[in-house]
Amino acid sequence: MTAQLEYPEVQDSNALLSIQGLWKVFGPKSQRVPRRPDLAALDRAALYSRTGCTAAVRDLSFDVAPGEVFVVMGLSGSGKSTLVRCLTRLIEPTAGSLIFEGEDLRAADEKRLRALRRSKFSMVFQHFGLLPHRKVIDNVSYGLEIRGESRPDRRRRAQEVIDLVGLAGNEHLYPEQLSGGMQQRVGLARALANDPDVLLFDEPFSALDPLIRREMQTEVVRLHREVGKTMVFVTHDLSEALKLGDRILLMRDGAAVQLGTGDELVGAPADDYVREFVRDVQRADVLTLRWIARAPRPDEPLDGPELGPDVLVREATRLVLEADRPVKVVSNGTLLGVIDDEEILAVVAPSHKKHV
Ligand SMILES: Nc1ncnc2c1ncn2[C@@H]1O[C@H](COP(=O)(O)OP(=O)(O)OP(=O)(O)O)[C@@H](O)[C@H]1O
């Protein structure tokens, strides 16, 4: 048997979507930028002044697992929209590979790409993109019409997804008769109607009021639970990213700064940029006990209550503060560590820490 070498860069073969070394460079002779290490190494301003080019996506590699909600987050101009459009080649990547369900998307011709975009991917946009002269039900079934499905089939499917997104009773209204939140529900229903493998969201809730926005986020969490679709979700809003994302890719100037779960970004920021980004997060709502458990001291009693490592600090606070012994963090019968008032207060009330 050949020895198996472990390459940390080797990506998961079960990935639904696998991206390797992806670049999108805008500007003259853009192709040379990824190829030439001297140019590829330049920062944004230097690259622009030397070549007139902007690298909107810079050497990104990541996998998206089936059923995952993969969030792409970053400030305005960090390359999120360009990245999500490169995934289906709505924007043509400059370099790198895109493998979807084992198929090399960069080798696909225009016809195949159109078929894939129609059947495998659906996109939800910030400005809804609804057809103003079509009723809700006809907007939702539009993609099915293009696919050539029969009228009764289209109606049946459209009604199913209209019910699913909470739009029942509004089928015969026109988009302008709906609030922004309701219009985006139509956008969601339209995306779901095609029964795609991947839903791509480009800042879908940015134009909505904060309350409606939160409601729509909850709606996406519910839909994901019910339909289990893979989602790639672009946002510049950290709380949205933390609420929705199984994993979050934080981008800056086209490059990846950190890829991880929300609690990894908050608990172990890769650098000062990430630390600053997550600074105002309510840590107790994001961090789990595994992040704050410590080794027991030699004389400490180990007969306190037990909690699992994935319990949120917020949920554990009362129990820990009320217990007269350290709470044990236990996974599958193994003691991972203990937590006392001090660890809890360091997260929920950092300014009180010194008084404990
Ligand atoms: N067609 C284009 N030609 C030249 N530069 C472009 C083009 N499209 C995008 N860019 C540049 O690429 C960078 C990334 O843009 P992109 O729109 O992907 O960022 P973003 O993170 O989605 O920002 P926003 O949240 O504001 O939409 C920006 O500097 C932008 O100016």
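Small disclaimer: the values here were computed from a predicted structure and weren't measured. (Residues numbered from 1 in each chain as written. Predicted model: local features only at pLDDT ≥ 70, side-chain atom pairs only at ≥ 80, totals over all residues.)

> I'm lost on the UniProt feature "domain: ABC transporter" (unreviewed entry) in the protein in this one. Help?
Mapped onto this numbering, the UniProt entry gives "domain: ABC transporter" (unreviewed entry) at residues 42-278. End C-alpha to end C-alpha, residues 42-278 measures 27 Å, and it is 42% helix and 22% strand. (UniProt positions renumbered as here; feature names shortened; annotations may be inferred. Helix = DSSP H or I, 4+ residues; strand = E, 2+ residues; numbered from the N terminus.)

> Looking at this structure, I do not really get the pairing of strand S4 (residues 95-100). What am I missing?
Both faces of the sheet carry side chains from a regular strand, because those side chains alternate between them. Bridge analysis of strand S1 (residues 17-26) against S4 gives 5 bridges, and the strand direction is antiparallel. Residue pairing across strands places Trp-23 opposite Ala-95, the latter belonging to S4. The hairpin formed by S4 and strand S5 (residues 103-104) contains 2 residues between the paired strands, and Glu-101 there has a positive phi angle of roughly 45°. (Pairing = 2+ DSSP bridges.)

> How do you make sense of the sheet that holds strand S10 (residues 255-260) when you look at a structure like this?
Backbone hydrogen bonds hold the strands of a sheet together, and the pairing may be parallel or antiparallel. The strand order across the open sheet formed by 6 strands is S6-S7-S8-S3-S9-S10, and the pairing between neighbours is mixed. If you trace the sheet from one side to the other, it starts and ends with strand S6 (121-124) and S10, each paired once. Neighbour-to-neighbour, the strand axes of the sheet open up by a mean angle of 15°, direction not taken into account. Here strand S3 (residues 69-73) runs beside strand S8 (residues 230-235); their pairing, made up of 5 bridges, is parallel. Among the inter-strand pairings, Met-73 is bridged to a residue of S8, identified as Thr-235. (Axes fitted to C-alpha atoms, helices over the stretch in contact; angles between N-to-C directions.)

> How should the site of the ligand be read in this particular structure?
Close to the ligand lie Phe-26, Thr-54, Ala-56, Gly-74, Ser-76, Gly-77, Ser-78, Gly-79, Lys-80, Ser-81, Thr-82 and His-236, which account for all nearby residues. Among the secondary structure elements, those contributing two or more residues to the shell around the ligand are strand S2 (54-64) and helix H4 (80-86). Considering every element that reaches the shell around the ligand, the biggest residue donor is H4, with 3 residues. (Near = placed C-beta within 6 Å.)

> Just to check I follow, could you spell out the environment of Leu-178 for this structure?
Tracing the backbone shows Leu-178 in the loop between helix H8 (151-164) and helix H9 (180-193). In this view, Leu-178 contacts Asn-170, Leu-173, Gln-183 and Val-186; residues no more than four positions away in its chain are not counted. (Contact = placed C-beta atoms within 7 Å.)

> Where do I start with the nonpolar core in this structure?
A general trend in soluble globular proteins is that nonpolar side chains are found buried together. Ranked by internal contacts, the top residues of the largest apolar core, which has 86 residues, are Val-71, Ala-189 and Val-232. Element by element, the count of residues in this core is highest for H9, at 6 residues. Counting the residues that make up this core, at least three belong to each of domain 1 (64-94 + 109-277) and domain 2 (284-355). Apart from the residues lying within four places of it in its own chain, the contact partners of Val-71 are Phe-233, Thr-235, Ala-241, Leu-244, Gly-245, Ile-248 and Leu-249. (Core = buried A, V, L, I, M, F, W, Y, C linked by C-beta atoms within 7 Å. Buried ≥ 20, exposed ≤ 12 C-beta atoms within 10 Å, placed from the backbone. Domains from an automatic or database assignment.)

> Before we go on, may I ask you to explain the pairing of S6 in this structure?
Neither face of S6 is left uncovered, since the one carrying Phe-121 and Met-123 and the one carrying Ser-122 and Val-124 both have all their residues buried. Across 4 bridges, the pairing between S6 and strand S7 (residues 198-202) is parallel. Note on S7: the bridge partner recorded for Val-124 is Phe-201.

> I would appreciate a short explanation of the sheet that holds S1 in the present structure.
As summarised here, the arrangement of the 4 strands in space is S2-S1-S4-S5, forming an open sheet in which the pairing is antiparallel. On the outer flanks of this sheet lie S2 and S5, each paired with one strand and no other. In this sheet, S5 lies alongside S4 in antiparallel orientation, the contact comprising 2 bridges. Each bridged residue has a counterpart across the sheet, and for Phe-100 the counterpart in S5 is Glu-103.

> Would you take a moment to explain the packing of helix H15 (residues 313-322) against helix H16 (residues 341-348) for this structure?
Each pair of packed helices gets described by two things: the angle between the helix axes and the distance between those axes. Running from N to C, H15 and H16 cross one another at 140°; their axes reach a closest spacing of 10 Å. Comparing their axes, H16 and H15 come out oblique. Where H15 crosses over H16, the two elements pack in a sense that is left-handed. Contact residues: H15 offers Val-313, Thr-317, Val-320 and Leu-321, while H16 offers Asp-341, Ile-344, Val-347 and Val-348. Residue classes in the contact of H15 with H16 are distributed as 6 nonpolar, 1 polar and 1 charged. (Parallel < 35°, antiparallel > 145°, perpendicular 65-115°, else oblique. Left-handed = near helix turned anticlockwise from the far one by under 90°. Nonpolar A, V, L, I, M, F, W, Y, C, P; charged D, E, K, R; others polar.)

> Before we go on, may I ask you to explain the domain arrangement of the protein in this structure?
By convention, interface size is frequently given as the accessible area that disappears when the constituent parts associate. Segmenting the protein into domains produces domain 1 (64-94 + 109-277) and domain 2 (284-355). Between domain 1 and domain 2, the C-alpha centre-to-centre distance is 37 Å. Between domain 1 and domain 2, the residue contacts involve 5 residues of the former and 4 residues of the latter. Looking at side-chain class alone, the side of domain 1 that touches domain 2 contains 2 nonpolar, 2 polar and 1 charged residues.

> What exactly am I supposed to notice about H8 here?
In an α-helix, one turn spans 3.6 residues; hence positions three or four apart end up facing the same way. Spanning 14 residues, H8 covers 20 Å between terminal C-alpha atoms, matching the ideal 20 Å at 1.5 Å per step. Of all the residues in H8, the buried ones are Arg-154, Ala-158, Val-161 and Ile-162. Buried positions in H8, seen along its axis, are confined to an arc of 105° and lie on one side of it. Exposed residues on H8 whose side chains face more than 90 degrees from its buried face are Pro-152 and Asp-153. The elements touched by buried residues of H8 are helix H6 (136-140), helix H7 (142-146) and H9. Residue Gly-166 follows H8 closely and has a positive phi angle near 80°. (Expected span 1.5 Å × (residues − 1). Arc of directions from axis to C-beta.)

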